[in-house]
Amino acid sequence: MAFASDRRSLFKLAAAGATGLAMPQIMVRAAAAQVPMPDVADPGFSRLTLGAFEVTTILDGGRPGEGPHPIFGENQSADDVAALLAEENLPADRFVNSFTPVLVNTGSDLVLFDTGLGEGARENGLGRLASRIEASGYRPQDVTVVVITHMHGDHVGGLMEGEDAAFENARYVTGQAEYDFWTSPDRMSGPTENAAQTVQAKVVPLADKMTFLDDGGEVVPGIAAMAAFGHTPGHMIYRLESEGRQLFVLADTANHYIASLRRPDWHVRFDMDKEAAAATRTRVFDMLAADRLPFVGYHMPFPAVGFVEKLDVGYRWIPNTYHLSL
Ligand SMILES: [Zn+2]
């Protein structure tokens, strides 16, 4: 009964408004609020200072989908994964994967880590990196170095715009092992075929402007590579240091802030070598937890900057609030 009288009053309110065609609920909300929604887009970037470096994390987009199980916890029961997520008020059957490249102004270089999904994903609201670089006060042509952490499509997809380099004045840096793996003719068939074709389309055209690093290699002063193999055979992470302050760019070392951190040993579908990826997670997060060092995770919740605390099993994600502002 209450429903029927509510409906009647809603329709009366709607009839009193400008148009009887509008949804009654919307009319009521607008009439009650009296404040129109602004026509201003979510800026999609976040900025912090690290010594003399300025670090901007940029959301290429977010993609809702089914999961996290069995993408995360592939070797676990759906119930066990659901129980862990329920502890964090997260649903068992839907999750949002997000994609966060990082732009670092060192004072002498503008270094971009990874490039998002690119033009092919734009109709789905992804591939926003270039427009959000502009929103953040830079232009794609200002980027002097593009670092590719590894060569999955969500990291290399934004390297090219049509036939042209998206970052026309940049040189490129990536792991030697990663480049060698993906450009081997052996990759062009079987389960790696699609990803290898993306590498041929997006990475190989830029190879003559590319330099290749091994563990410890330097991108520019203050930015050095560390081998973190497992997710892919040549997956690299990067240590930023300026005026004694450090921040790690972890790329895909851990890809769900609950499943991958609380249970770093759980298998992840996108990890090409499950055991090596799990061992790398433990090694890297033990290191970060021991010295309470901050990191950016490409698939962590935007703005994707945080810390970890080591627990009896796994780690707890601590989002950056004002930690790095002091
Ligand atoms: Zn990724």
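Residues numbered from 1 in each chain as written. Predicted model: local features only at pLDDT ≥ 70, side-chain atom pairs only at ≥ 80, totals over all residues. Heavy atoms only, no water.

**Things to note about the sheet that holds strand S15 (residues 245-251)**
Turning to step 1, where the next piece is worked out: In spatial order, the strands read S12-S13-S14-S15-S16-S17-S18; together these seven strands make up an open sheet with mixed pairing. Looking at strand neighbours, the two that pair on one side only are strand S12 (218-220) and strand S18 (315-319), the edges of this open sheet. Shown here is a sheet whose adjacent strand axes are inclined to one another by a mean of 35°, direction ignored.
Turning to step 2, where the next piece is worked out: Taken together, the two bridges between S12 and strand S13 (residues 223-227) define a ladder with antiparallel strand orientation. Residue pairing across strands places Val220 opposite Ile223, the latter belonging to S13. (Pairing = 2+ DSSP bridges. Helix = DSSP H or I, 4+ residues; strand = E, 2+ residues; numbered from the N terminus. Axes fitted to C-alpha atoms, helices over the stretch in contact; angles between N-to-C directions.)

**A word on the coordination of the zinc ion**
Turning to step 1, where the next piece is worked out: Coordination sphere of the zinc ion, protein contribution only: Asp154 (OD), His155 (NE2), Asp252 (OD) and His299 (NE2), at 2.1 to 2.3 Å.
Turning to step 2, where the next piece is worked out: Classification of the site at the zinc ion as irregular follows from its four donor atoms and the range of 88 to 167° in their angles at the metal.
Turning to step 3, where the next piece is worked out: Going along the chain, you hit the donors of the zinc ion in the pattern D-H-x96-D-x46-H. In this pair, His155 sits in helix H5 (residues 153-156) while Asp252 sits in the loop between S15 and helix H8 (259-262), placing the two residues 97 residues apart along the sequence. Asp252 carries the same exposure label as His155, and that label is buried. (Donors = N, O, S within 2.8 Å, 3.2 Å for Na, K, Ca; no water. Tetrahedral: all angles 85-135°; square planar, octahedral: opposite > 155°, others 65-115°. Buried < 20%, exposed > 50% of the residue type's maximum accessible area, 1.4 Å probe, protein only.)

**Details of unusual backbone geometry**
Turning to step 1, where the next piece is worked out: Of the consecutive residues His69 and Pro70, the connecting peptide bond is found in the cis state with omega at 5°.
Turning to step 2, where the next piece is worked out: Here the residue pair Phe302 and Pro303 is connected by a cis peptide bond, since its omega of 10° sits within 30 degrees of zero.
Turning to step 3, where the next piece is worked out: Mapped onto the fold, Pro303 is located in the loop between strand S16 (295-297) and strand S17 (305-310).
Turning to step 4, where the next piece is worked out: Even without being glycine, Asn89 reaches a positive phi, approximately 60°.

**Things to note about the nonpolar core**
Turning to step 1, where the next piece is worked out: Ranked by internal contacts, the top residues of the largest apolar core, which has 44 residues, are Phe113, Val219, Ile223, Tyr238 and Leu240.
Turning to step 2, where the next piece is worked out: Discounting residues that sit within four places of it in the chain, Phe113 has contacts with Pro101, Val102, Val104, Val147, Ile223, Tyr238, Leu240 and Val249.
Turning to step 3, where the next piece is worked out: In this structure, Leu159, Ala170, Tyr172 and Trp182 belong to the second largest nonpolar core, which totals 26 residues. (Core = buried A, V, L, I, M, F, W, Y, C linked by side-chain atoms within 4.5 Å. Contact = heavy atoms within 4.5 Å.)

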